[in-house]
Amino acid sequence: MSINRQQARQRLEDMAIALDRMPYIVRMGRLFNETVLIEIDGNEFYLAFDKGKVAEIKEGPSKKLPWRFALRAQGQALWEFWQPLPRPGYHDIFGLVKYGYGRIDGDILILVKNLRYFKEFMALGRQEANP
């Protein structure tokens, strides 16, 4: 199953709402104040994080919105990643990269410094309804 632009945006918005209900994740990201690009099947979404919360989601493409790192993935692969119990290879953002379903660009150091927080945020999509 592929994810269209509207489904992807809705999933990201649902994840932002779920994040507000997870104070332990917000606490992990309390020093994370960056913009992250998440690209799903070529659809760009800029997530602005402020003190561990999603402050804003903007749709792209845009050459004017700066971002620190990007996760670019195939929609089918992210749909698999967001299953309640993902199959091997789809269980982790680095698994998506390893098997060629995704790519990480930009300032990898920022990602690594906030890796657990970002992985926990991305996994919030598993708790929401499937597209």
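Above: the structure in question.
Below or above, wherever it landed, is the structure these notes cover.

Reading guide: rules and limits
- Residues numbered from 1 in each chain as written.
- Predicted model: local features only at pLDDT ≥ 70, side-chain atom pairs only at ≥ 80, totals over all residues.
- Heavy atoms only, no water.
- Axes fitted to C-alpha atoms, helices over the stretch in contact; angles between N-to-C directions.
- Helix = DSSP H or I, 4+ residues; strand = E, 2+ residues; numbered from the N terminus.
- Contact = heavy atoms within 4.5 Å.
- Nonpolar A, V, L, I, M, F, W, Y, C, P; charged D, E, K, R; others polar.
- Pairing = 2+ DSSP bridges.
- Phe/Tyr/Trp six-rings, centres within 6.5 Å; stacked < 30°, edge-to-face > 60°.
- Buried < 20%, exposed > 50% of the residue type's maximum accessible area, 1.4 Å probe, protein only.
- Lys NZ or Arg CZ within 6 Å of the ring centre and 35° of its normal.

## Some words on the packing of helix α1 (residues 5-20) against helix α6 (residues 115-123)
When two helices pack together, you describe them by how their axes are tilted relative to each other and by the distance separating the axes.
And then number 1: Relative to each other, α1 and α6 sit at 115 degrees, their axes nearing to 9 Å. Here M15, A16 and L19 of α1 lie close against α6, whose contacting residues are Y117, F121 and M122.
And then number 2: In the contact of α1 with α6, the residues fall into six nonpolar, no polar and no charged.

## A short note on the sheet that holds strand β3 (residues 53-59)
And then number 1: If you trace the five strands from one edge of the open sheet to the other, you get β3-β2-β1-β4-β5, paired in mixed fashion. What marks the edges here is a single partner per strand, and that holds for β3 and β5 (102-106). For this sheet the average axis-to-axis angle between neighbouring strands, irrespective of direction, equals 20 degrees.

## Details of the packing of aromatic side chains
And then number 1: On inspection of all chains with the given rule, the structure shows seven aromatic pairs.
And then number 2: On the numbers, 5.9 Å between centres and 80 degrees between planes, the contact of F49 with Y117 is edge-to-face. Of this pair, F49 sits in strand β2 (residues 43-50) while Y117 sits in helix α6, and the two are 68 residues apart along the sequence. The exposure classification of F49 matches that of Y117, with both residues buried.
And then number 3: Between F69 and F118 the ring centres are 5.1 Å apart and the planes differ by 85 degrees, which places this aromatic pair in the edge-to-face class. Placement of the pair is F69 in strand β4 (residues 69-73) and F118 in helix α6, with a sequence separation of 49 residues.
And then number 4: Residue classification places F69 among the buried positions, given a relative accessible area of 1%.
And then number 5: Here a set of aromatic residues connected by ring pairs shows up, and it is made of F32, F49, F69, Y117, F118 and F121.
And then number 6: The ring centre of F45 lies 5.7 Å from the NZ or CZ of R5, which sits over that ring.
And then number 7: The aromatic ring of F81 is capped on one face by R126, whose charged end is 4.3 Å from the ring centroid.

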